[in-house]
Amino acid sequence: QLQLVESGGGLVQPGGSLRLSCAASGFSLDYYAIGWFRQAPGKEREGVSCISDSGGSTTYADSVKGRFTISRDNVKNTVYLQMNSLKPEDTAVYYCAAEVQIRITTVQAMCNMKPRPDYWGQGTQVTVSS
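Chains are numbered independently. Their residues run from 1 in the order of the written sequence. For this predicted model, a pLDDT threshold of at least 70 governs which residues receive local features, and a threshold of 80 or more governs which side-chain atom pairs are given and counted, while totals over whole chains, interfaces and linings are taken from all residues. Hydrogens and waters are ignored; side-chain quantities use all the structure's heavy atoms.

**A closer look at the pairing of strand E9 (residues 92-100)**
Classification of residues uses two cut-offs on accessible area relative to the type maximum, computed with a 1.4 Å probe and protein chains only: under 20% is buried, over 50% is exposed, and between them is partly exposed. The helix count covers DSSP runs of H or I at least four residues long, the strand count covers runs of E at least two residues long, and both are numbered beginning at the N terminus. Burial analysis of E9 places seven of its nine residues in the buried class, the great majority of the element. Strands are treated as partners if at least two bridges between them are detected by DSSP. Relative to E9, strand E4 (residues 32-39) is paired through eight bridges, and the arrangement is antiparallel. Each bridged residue has a counterpart across the sheet, and for Phe37 the counterpart in E9 is Tyr95. Sheet analysis places E9 next to strand E11 (residues 124-128), joined by three bridges and oriented antiparallel. Its bridge partner being in E11, Tyr94 is matched across the sheet by Thr124.

**Considering the sheet that holds strand E8 (residues 78-83)**
Within the open sheet, the four strands sit side by side as E1-E3-E8-E7. Their pairing is antiparallel. With partners counted over all chains shown, the strands left at the sheet margins are strand E1 (3-7) and strand E7 (68-73), one partner each. Neighbour-to-neighbour, the strand axes of the sheet open up by a mean angle of 15 degrees, direction not taken into account. Where strand E3 (residues 18-25) meets E8, six bridges bridge the pair, whose relative direction is antiparallel. For Cys22, the partnering residue across the bridge sits in E8 and is Val79. Axis geometry follows a simple rule: fit a line to the C-alpha atoms, using only the stretch in contact for helices, then measure angles between N-to-C directions, giving values from 0 to 180 degrees.

**Thoughts on the nonpolar core**
The term nonpolar core refers to a set of buried residues drawn from Ala, Val, Leu, Ile, Met, Phe, Trp, Tyr and Cys, joined through side-chain atoms within 4.5 Å. In this structure, Trp36, Leu81, Met83 and Tyr94 are the most contacted members of the largest nonpolar core, which totals 28 residues. When residues of this core are traced back to their parent elements, those giving at least two are E3, E4, strand E5 (46-51), E7, E8, E9 and E11. Contact definition: two residues touch when any of their heavy atoms are within 4.5 Å. Excluding residues within four positions of it along the chain, Met83 makes contact with Gly16, Ser17, Leu18, Leu20, Arg67, Phe68, Tyr94 and Val126. Within the second largest apolar cluster, eight residues are counted, among which are Phe37, Ala97, Val107 and Cys111.

And the structure:
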């Protein structure tokens, strides 16, 4: 019943843009912090951007600062990741994940997976090809 579904991935040229969506079903995101994580082949999963339940706190990995923007629309029960100026090194499977806000200390801690979020989507492939 508790599901997160990512969409919006695909193939894009370097310098292009994509907007990823993470739609929740079976539960409300009102009390959940949400994170975007990515995993490239041969690399560990890493936090990209995380946002608090109210949207008041956000954090970004150094590699994406100034290029990616996380946002949420709790009415639509959806979280977004706007990705601009994409680079080949952004190629990865992107996952969204949710954790009840009360269980995390900071959004940075969530992006460090401390603790690891309880709920994960299936992932969406982003390929930035030259």
